[in-house]
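Reading the structure
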Protein chains: 2
Amino acid sequence: MNQADCIFCKIAGKKIPSKIVFEDDEVMAFEDINPKAPLHLLVIPKRHIEKVSDIADSDAGLMGKLVLTARDLARKNGLNDSGYRIVLNCNRDAGQEVFHIHLHLLGGRKFTWPPG
Amino acid sequence: MNQADCIFCKIAGKKIPSKIVFEDDEVMAFEDINPKAPLHLLVIPKRHIEKVSDIADSDAGLMGKLVLTARDLARKNGLNDSGYRIVLNCNRDAGQEVFHIHLHLLGGRKFTWPPG
């Protein structure tokens, strides 16, 4: 279910390059090209889902897997003791720019509150 | 698996009051007492899990359910067209203050980038 004009579908399909840090049959993680922290990764489902508001009930496991993938990548990068922030932006007010769901994993510095 | 000194376990067990907006057997959502947006809800598992880094693989469905609950509450509050931000803070660098996992759902205004 790739969408021809979606940059993250193209990344998932390796039509355009990215710095991939994890991949399995359902999920891919790669470096954000405009990082906002020493570690800034994006975790995406390979399947095209436009927005968090479009998630189906049957996608609960997939959404959980995105969080678990972030947990694993944070651990692998030695962030468990210091900490990290996970962000999901839905639609314009949140600043969602690519309309293919992506979970931001940010770590390696202190984060302020509110979160933007 | 409540923890006696955990404020969110007390909220889940209704030992202390909160403005509850959703509840089922596994999940509860309530208003943040220090809101950072017109809508600022916390979605928690009733079961005590200290940090995102402590999530077990078997909790994937539960984590997905937290996201789906946020999706539902955002929709109910009319935020689908404008948008919303979901944040999970893990440990000190992220500013996690209550060590019982909680997903922040923020909406009703524009959010800046980076997210804190």
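Residues numbered from 1 in each chain as written. Chains lettered and ligands numbered in written order. Predicted model: local features only at pLDDT ≥ 70, side-chain atom pairs only at ≥ 80, totals over all residues. Heavy atoms only, no water.

Quick look at the relation of the copies chain B and chain A
The relation between the two chain copies is a rotation about an axis coupled with a shift along that axis. Overlaying chain B with chain A gives an RMSD of 0.0 Å, the required rotation being 180 degrees about an axis along which the chain moves by 0.0 Å. Taken together, the rotation and translation describe the operation of a two-fold axis. Most of the interface of chain B is mirrored in chain A, where 95% of its interface residues are also at the interface. (Least-squares fit on C-alpha atoms with pLDDT ≥ 70 in both. Contact = heavy atoms within 4.5 Å.)

What about the packing of aromatic side chains?
Residues and elements named next belong to chain A. Taken as a whole and assessed by the stated rule, the structure comprises 2 aromatic pairs over all chains. Judged by centre distance (5.4 Å) and plane angle (75 degrees), the rings of F8 and F30 are edge-to-face. One end of the pair, F8, is in helix 1 (residues 7–12); the other, F30, is in strand 2 (residues 27–31), with 22 residues separating them in the sequence. Its relative accessible area of 3% is what places F30 among the buried residues. (Phe/Tyr/Trp six-rings, centres within 6.5 Å; stacked < 30°, edge-to-face > 60°. Helix = DSSP H or I, 4+ residues; strand = E, 2+ residues; numbered from the N terminus. Buried < 20%, exposed > 50% of the residue type's maximum accessible area, 1.4 Å probe, protein only.)

Focus: the packing of helix 2 (residues 60–76) of chain A against helix 2 (residues 60–76) of chain B
The description of two helices packed together rests on the angle between their axes and the distance between the axes. Packing of helix 2 of chain A against helix 2 of chain B leaves a shortest axis separation of 7 Å and a crossing angle of 105 degrees. In this view, helix 2 of chain A runs roughly perpendicular relative to helix 2 of chain B, as classed from their interaxial angle. Residue-level inspection shows A60, M63, G64, V67 and L68 of chain A of helix 2 of chain A in contact with helix 2 of chain B, the latter providing A60, M63, G64, K65, V67 and L68 of chain B. Class assignment of the residues belonging to the contact of helix 2 of chain A with helix 2 of chain B gives a composition of 8 nonpolar, 2 polar and 1 charged. (Axes fitted to C-alpha atoms, helices over the stretch in contact; angles between N-to-C directions. Parallel < 35°, antiparallel > 145°, perpendicular 65-115°, else oblique. Nonpolar A, V, L, I, M, F, W, Y, C, P; charged D, E, K, R; others polar.)

Brief notes about the interface of chain B and chain A
Taken residue by residue, the interface counts 41 residues in chain B and 39 residues in chain A. Taken together, the two surfaces of chain B and chain A that pack against each other cover about 3,800 Å², and 56% of this comes from carbon and sulfur. Put simply, chain B and chain A have 4 salt bridges between them. Where chain B touches chain A, the interface holds 30 residue pairs in polar contact (both at pLDDT 80 or more). (Buried area = accessible area lost by both parts, 1.4 Å probe. Salt bridge = Lys/Arg side-chain N within 4 Å of Asp/Glu carboxyl O. Polar contact = N/O pair within 3.5 Å; in protein donor to acceptor, adjacent residues only side chain to side chain.)

Let's talk about the pattern of salt bridges
Taken as a whole and assessed by the stated rule, the structure comprises 24 salt bridges over all chains. Where K65 of chain A meets D25 of chain A, a salt bridge forms, and the shortest distance between an N and an O atom there is 3.9 Å. Highlighted residues: K65 of chain A in helix 2 and D25 of chain A in the loop between strand 1 (20–23) and strand 2, separated in sequence by 40 residues. D25 of chain A gets classed as exposed once you look at its relative accessible area, which sits at 65%. Here K110 of chain B ties to D93 of chain A by a salt bridge, and the two come within 3.4 Å at their closest N and O atoms. Placement of the pair is K110 of chain B in the segment after strand 5 (103–107) and D93 of chain A in the loop between strand 4 (84–90) and strand 5 (103–107), with the two residues belonging to separate chains. Since its relative accessible area comes to 61%, K110 of chain B is described here as exposed. Linked by salt bridges that have partners in common, D24, D25, E26 and K65 of chain A make up one network.

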